[in-house]
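# Examination of the molecular architecture
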Amino acid sequence: YSPYFNNMYQKALYLPKISSCMSCAQIERRMELVRVVSHNTHKKMVSCLQGHIGAEAEKRHKKLPLTALSQAMTEGGSQLGEDSLIGKMMEVCGDAENRLASELMQHELQIEKDVLDPLSQLAEVEIPNILKQRKQLAKLVLDYDSARARWLQATKSIISGTNTQALTAKADLLKEEVDEAMNKVDCLYLLCCHVLYCSYYSAVSQADYHRKSLTVLETVLPTIQAQQDSWTEKPAFGTGLDEHLKRSGREIALPIEACVMMLLETGMKEEGLFRIAAGASKLKKLKAALDCSTSQLEEFYSDPHAVAGALKSYLRELPEPLMTFQLYDEWIQASSVSDPDKRLQALWVVCDKLPKNNKNNLRYLVKFLAKLAQESEQNKMTPSNISIVLGPNLLWAKTEGSLAEMAAATSVHVVAIVEPIIQHADWFFPEGRSWVSSIAPLVLSVYKAVMGKAADIDCLARPIIRSERGLR
C-alpha cells in the first residue's frame, strides 16, 4: 500500500477498531456491509462512464458521444466552408470537442484502473473469501482475547510478584503475542479500507479531469473570440450605427438601404405603409436575412408591410436613436419655437450638428419618406401620418422605462420635429444621393424573381434612376 493509503487506514473513522469487544458476528456483518457498498458504488460508477468498460483506448475514444459530436461539427464546418462564420466556428469547436473527448477517455481509463477494478476485486473476490474463512477469523479473535488476558495477568503479577525480571520478560513475550494476534485480525479487515481509498481517488481523478478540460476550453476560447471579432458579417440589428458602418464598409446601413430599395419598387402606393403591422414570423425571418447580409430576399419583396416593419425595427433597436441622445434637448427646444420660419431654421441648425454617419443615414431616409408622402393620395401616408408612426423610432429620450413609455412621453414633440423635416426634405438636405449602390445586385436578383424573365443592370437601373430623380 502507498503511504497515503496507510495513513487513510489509520484514520478510517468509519471502520470500528477491531478489539475483543467485537464478536465474529459483528465483524461478519461489517464485512457484508462493505461488500454491498462496494458493489453498489461500482455499479453506479460504471453507469456514469460514457465509454465501453474494458475496451482499448482507441476504440473507447471512437465510441464516445463527444467524439461523434466532434466529427459531426468538423464535417459540417467543412461543408459550410471557411468563408462563413458558422463554418469556421464548427471546425474550431469540433477540434475542441475532440480534445475534450481525449481527456474524457484518459480520465475513464484511469478511473477504471484505480477505482473500478479495486472495488470489483474487493466486493466480488476478497470480502467473499474472508467471509468463507469465518472459522479462521473466529480462532484469530479467540487467540487475541486469550493472549490479551494472559498479558494482563502477567502485568498484574509484575506489580505484586517478587521475581520482577522474569515476570517482565514473560510480559514482554505475551505483549508481542497480543500484537501478532491483533495484526492477523487487522490484516483480514484491512481490505475494507479500499472503499475509502477508492472514493478519495475517484474525487482526485475527477478534479484532475475537469482541470485539464478547463485548460482545453481556455485555450480554444480566445481563438473563437478572435474569429468572431475579425468577421465582418455581423448582425446589424441592435448594433450601433457607427460600428455597423465601419465593419461593413458602407455609408448607409444595410437594413435601411435594402428596405428602401425594395419599397421604392413595390411599396410606394401601398396603403398604410409603416402603419399596418406585418406578420410576426415573416418579419422575424426578414430581419434574420438582413442580419446575415443575404441576397435571397425574393419572398419578402412582394410584402411591403414586412419590409416597412423591418425598417422600423432596425431604427427602434439601435442602441442610440438615429437623431441621437446628445441632441435630444436641442431638438425639443427647436420644435417649441412659435414662429414657423424660425422653427424651421432652429431645426436646421440642430440637424446640421448631427454626426456625419447619422446625418447621411437620416438624409437617405428622409428623402425616401418625402418621396413616399408624394403618393399620399393612394397610400394615405402624409408627412404627418409618417411622423406619427415612424418619428418615435427616430428620436427618444435617454431615460429608463420601456420603449413604448419613452415614445408616448415624446411623441408630440417628435411629430413636430420629423413632420417639417419630411415636408422640407430638399431644403434640409439639398445635396443629392445616388441610389445605385452596393445594394443593386440584391435588387437585381429580386427583380429577376419578380419579373420571371432575364434582367440586366440596364433594365434595373431605369426604375432606380427614376426614383433617384424624384428623391433629389
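Check the entry above for the structure.
The structure presented is a predicted model; accordingly, all values stated were derived computationally and were not measured.

Definitions and cut-offs
- Residue positions are counted from 1 within each chain, in the order its sequence is given.
- With pLDDT at 70 or above as the cut-off, local features in this predicted model cover only qualifying residues; side-chain atom pairs require 80 or more to be listed or tallied, and sums for whole chains, interfaces and linings still use all residues.
- Calculation of side-chain values draws on the structure's entire complement of heavy atoms; hydrogens and water are dropped beforehand.
- Stacked, edge-to-face and tilted labels apply to pairs of Phe, Tyr and Trp rings (six-membered ring for Trp) whose centres lie within 6.5 Å, assigned for plane angles under 30 degrees, over 60, and everything in between, in that order.
- Here a strand is any run of E in DSSP of at least two residues, a helix any run of H or I of at least four, and the numbering for each starts at the N terminus.
- Whether a residue is buried, partly exposed or exposed follows from its accessible area with a 1.4 Å probe, protein chains only, as a fraction of its type maximum: under 20%, in between, or over 50%, in that order.
- In these notes, a set of buried Ala, Val, Leu, Ile, Met, Phe, Trp, Tyr and Cys residues joined through side-chain atoms within 4.5 Å is what counts as a nonpolar core.
- The contact criterion used is simple: two residues touch if any of their non-hydrogen atoms lie within 4.5 Å.
- Helix axes are fitted only over the stretch in contact, all axes being lines through C-alpha atoms; the angle between N-to-C directions runs from 0 to 180 degrees.
- Note: crossing handedness is left-handed where the near helix turns anticlockwise from the far helix by less than a right angle, and right-handed where it turns clockwise.
- Gly is placed with the polar residues, together with every amino acid not listed as nonpolar (Ala, Val, Leu, Ile, Met, Phe, Trp, Tyr, Cys and Pro) or charged (Asp, Glu, Lys and Arg).
- For the purposes of these results, a polar contact is taken to be a pair of N or O atoms within 3.5 Å, where, inside protein, one atom must be able to donate a hydrogen and its partner to accept one; residues adjacent in sequence count only when each atom of the pair is a side-chain atom.
- Salt bridges are defined as contacts in which a side-chain nitrogen from Lys or Arg sits within 4 Å of a carboxyl oxygen from Asp or Glu.
- Think of a patch as exposed residues, more than 30% relative accessible area, with no salt bridge, where like charges cluster within 9 Å and nonpolar side chains (Val, Leu, Ile, Met, Phe, Trp, Tyr) cluster within 5 Å.
- Areas reported here follow the Shrake-Rupley algorithm with a probe of radius 1.4 Å; residue values treat only the protein chains shown as occluding.
- Here the expected span of a helix is defined as 1.5 Å times the quantity of residues minus one.

### Focus on the packing of aromatic side chains
Enumeration according to the criterion identifies 5 aromatic pairs in this entry. Here F325 and W396 contribute two aromatic rings whose centre-to-centre distance is 6.3 Å and whose plane-to-plane angle is 80°, an arrangement assigned as edge-to-face. Within this pair, whereas F325 is found in the loop between α13 (304–317) and α14 (328–335), its partner W396 is found in the loop between α18 (383–390) and α19 (403–423), the two being separated by 71 residues in sequence. For W396, a relative accessible area of 5% translates into the label buried. Three or more aromatic residues joined by ring pairs make a cluster, and in this case those are W427, F428 and F429.

### Some details on the nonpolar core
Judged by nonpolar contacts, the single largest core of 70 residues is most densely connected at F274 and W331. Excluding anything up to four places from it in sequence, W331 contacts M323, L347, V350, C351, L354, L395, I417 and I421.

### Focus on the packing of helix α11 (residues 280–291) against α13
Packed helices, taken two at a time, are described by their axes: the angle between them and the distance between them. Put simply, α11 and α13 touch, their axes get as near as 9 Å, and they point 65° apart. Between α11 and α13 the crossing geometry is right-handed. Between α11 and α13, the contacting residues are K282, L283, L286, K287 and L290 on the first element and A306, V307, G309, A310, S313 and E317 on the second. Within the contact of α11 with α13, the residues separate by chemical class into 6 nonpolar, 2 polar and 3 charged.

### Thoughts on the side chain of K359
Take K359: it is sitting in helix α16 (residues 356–373). For K359, a relative accessible area of 19% puts it in the buried group. Here D352 takes part through its side chain, which lies 2.8 Å from a polar atom of the side chain of K359.

### Thoughts on the pattern of salt bridges
One pass over the full model with this rule turns up 11 salt bridges. We note a salt bridge from E58 to K62, for which the minimum N-O separation is 3.7 Å. Here the residue E58 and the residue K62 both occupy positions in helix α3 (residues 57–63), the gap between them amounting to 4 residues, near one helical turn. Residue K367 pairs with D426 through a salt bridge whose shortest N-O separation is 3.2 Å. Of the two residues, K367 is situated in helix α16 and D426 in helix α20 (residues 425–428); the sequence distance between them amounts to 59 residues. The exposure class assigned to K367 is buried, which follows from its relative accessible area of 5%. Shared partners join several salt bridges into a network, and the residues in it are R60, E108 and E112.

### Looking at the side chain of E108
Turning to its location among the elements, E108 is positioned in helix α5 (residues 85–132). Among all residues touching E108, those that are not within four sequence positions of it are L49, Q50, G51, R60 and L64.

### A few points about a nonpolar patch on the surface
A cluster of nonpolar residues, W348, V349 and W427, forms a patch on the protein surface that exposes about 270 Å² of accessible area. Checked against the element boundaries, V349 lands in helix α15 (residues 340–352).

### Side note on the environment of P430
Assignment of secondary structure puts P430 in the loop between α20 and α21 (440–451). The sequence separation of P430 and R363 amounts to 67 residues, and the corresponding C-alpha distance is 9.5 Å.

### As for helix α10 (residues 254–266)
With 13 residues, α10 should cover 18 Å at 1.5 Å per step; its first-to-last C-alpha distance of 19 Å lies within 8% of that length. Where burial is concerned, most of α10 is hidden: 11 out of the 13 residues are buried. Along α10, the residues that are buried comprise L254, P255, I256, E257, A258, C259, V260, M261, M262, L263 and L264.

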